[in-house]
Amino acid sequence: MAAGTKKGDSARGTNPGKIQPNDFKVNYIPGTWPRVTYLLYEIRWGRSTKFWRHWCRNTPTQHAEITCLEHDFKKLKFRPSVRCSITWFLSWSPCGKCCRCIVEFLRAHPSVTLKIKAAWLFKHMDERNQQGLRDLMENGVALYIMNLPDYRYCWRTFVAHQNGEEDDYCPLVRSRWIIFYCVELQCVLWGLPSLLARHAYP
């Protein structure tokens, strides 16, 4: 979840399977302030070793998470009897409202499991967003902050590279932000005071 895109922006790029290198850098580098929510995702059915991969982003009228669940997922030939594993790589963690929609979706599709890896925590001092993330955890969603291997994987898997760019991203990732958000996420999930709150109110 993040601020909306400019009016007229599309939730898709010219390459529907991959995003542009600069879009990934601007929206996923820890320590920046992304204005758009990008959602890179992969789906695997049953015991298959193959993945179906795609991406979406928020529009002026809809969050990226809802676009994925209400539009992209419905386009697939989904068979309720087959186990389905979904992994999301989000630039922002879901807001409280999106968390409720995700829980409703999972309850309606019990054969689906969801793993969410986020680069940023969206307004995680807001109790509504905190409770939303806890609700996800309580309903079986695995929640993580993206680590360095996740960045490498997304850069090589979801980004439309130019020649020679495949390996030039990893040094730009700032590990201290990853560590900070990992701690903050655990504080949120277990109802502990945020590091920011401890610093502001010693």
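For every chain, the first residue of its written sequence is number 1, and the numbers climb from 1 along that sequence. Only residues with pLDDT of at least 70 get local features here, since the model is predicted, and only at 80 or more are side-chain atom pairs given and counted; chain-wide, interface and lining totals rely on the full set of residues. To get the side-chain values, all heavy atoms of the structure are used, and hydrogens and water are removed first.

1. Some details on the overall build of the protein chain
Note the cut-off: Helical segments are the DSSP runs of H or I of at least four residues, strand segments are the runs of E of at least two, and each set is numbered from the N terminus. Burial classes: relative accessible area under 20% of the type maximum marks a residue as buried, over 50% as exposed, and values in between as partly exposed (1.4 Å probe, protein chains only). Pairs of residues are marked as contacts when any of their non-hydrogen atoms sit within 4.5 Å. We get accessible surface area from the Shrake-Rupley algorithm with a probe of 1.4 Å; when it comes to residues, only the shown protein chains can shield them.
Helix and strand content of the protein chain: seven helices and five strands. Tracing the protein chain from N to C terminus, the helices and strands come up as α-β-β-α-β-α-β-α-β-α-α-α. Split into buried and exposed, the 202 residues of the protein chain put 48% on the buried side. Nonlocal contacts in the protein chain, meaning residues at least 24 apart in sequence, comprise 74% of its contacts between residues at least 6 apart. Put simply, the protein chain shows about 10900 Å² of open surface, and 54% of that area lies on carbon and sulfur atoms.

2. Some remarks on helix H4 (residues 127–138)
To be explicit about the condition: To estimate how far a helix should extend, the number of its residues minus one is multiplied by 1.5 Å.
Compared with the 16 Å implied by 1.5 Å per residue over twelve residues, the 16 Å span of H4 between its first and last C-alpha is a close match. For H4, the complete set of buried residues consists of Asn129, Gln130, Gly132, Leu133, Arg134 and Leu136. Where H4 is buried, its residues contact helix H3 (96–108), strand E4 (112–120), strand E5 (142–145) and helix H6 (175–189). Backbone geometry just after H4 places Gly140 at a positive phi near 90°.

3. Digging into the sheet that holds strand E1 (residues 38–45)
Our working definition: Whether two strands pair comes down to DSSP finding at least two bridges between them. Each axis is a line fitted through C-alpha atoms, and for a helix only the stretch in contact is used; angles between axes span 0 to 180 degrees, taken between their N-to-C directions.
Taken in spatial order, the five strands make up an open sheet running E2-E1-E3-E4-E5, and their pairing is mixed. The open sheet has two edge strands, strand E2 (52–57) and E5, and neither has a second partner. Taking the axes of each pair of neighbouring strands and ignoring which way they run, one obtains an average angle of 20° across the sheet. In terms of strand pairing, E4 meets E5 through four bridges, oriented parallel. Bridge pairing in E5 links Lys117 to Tyr144. Here helix H1 (residues 21–28) sits on the sheet and contacts E1, strand E3 (84–92) and E4; the angle it forms with E1, its principal contact strand, is near 105°.

4. Re the packing of H4 against H6
Any two packed helices are characterised by how steeply their axes cross, that is the angle between the axes, and by the distance between the axes. Let me state the cut-off plainly: Note that the term roughly parallel is reserved for angles under 35 degrees, roughly antiparallel for angles over 145, roughly perpendicular for angles of 65 to 115, and oblique for everything else. We call Asp, Glu, Lys and Arg charged. Ala, Val, Leu, Ile, Met, Phe, Trp, Tyr, Cys and Pro are nonpolar, and the rest, Gly among them, are polar.
Packing of H4 against H6 brings their axes to within 8 Å, and their N-to-C directions diverge by 80°. Looking at the two axes, H4 sits roughly perpendicular to H6. Counting all contacts with H4, which are made through Gln130, Leu133, Arg134 and Met137, the residues of H6 involved are Leu185, Val188 and Leu189. Looking at the contact of H4 with H6 residue by residue, the class counts come to five nonpolar, one polar and one charged.

5. Thoughts on the confidence of the model for the protein chain
The condition is simple: As a per-residue measure, pLDDT tells how confident the predictor is, with possible values from 0 to 100.
Per-residue pLDDT for the protein chain averages 84, and the proportion of residues at 70 or more is 80%. For residues 3–10, every residue scores under 50 in pLDDT, and the model assigns this stretch 14 contacts once sequence neighbours within four places are set aside.

6. A word on the pairing of E2
In the sheet, E1 pairs with E2 via six bridges, with the strands oriented antiparallel. Paired with Glu42 across the two strands is Arg53, which belongs to E2. Connecting the antiparallel pair E1 and E2 is a turn made up of six residues, with Gly46 showing a positive phi of about 55°.

7. So, the packing of H1 against helix H5 (residues 148–158)
Put simply, the rule reads: Handedness of a crossing follows from how the near helix is turned relative to the far one, being left-handed for an anticlockwise turn of less than a right angle and right-handed for a clockwise one.
Two elements in contact, H1 and H5, have axes separated by 10 Å at closest approach and are oriented at 155°. The pairing of H1 with H5 is recorded here as roughly antiparallel in orientation. Here H1 runs over H5; the crossing is right-handed. Residues Pro21, Phe24, Lys25 and Tyr28 of H1 lie in contact with H5, whose contacting residues are Tyr151, Cys154 and Trp155. Residues of the contact of H1 with H5, tallied by class, amount to six nonpolar, no polar and one charged.

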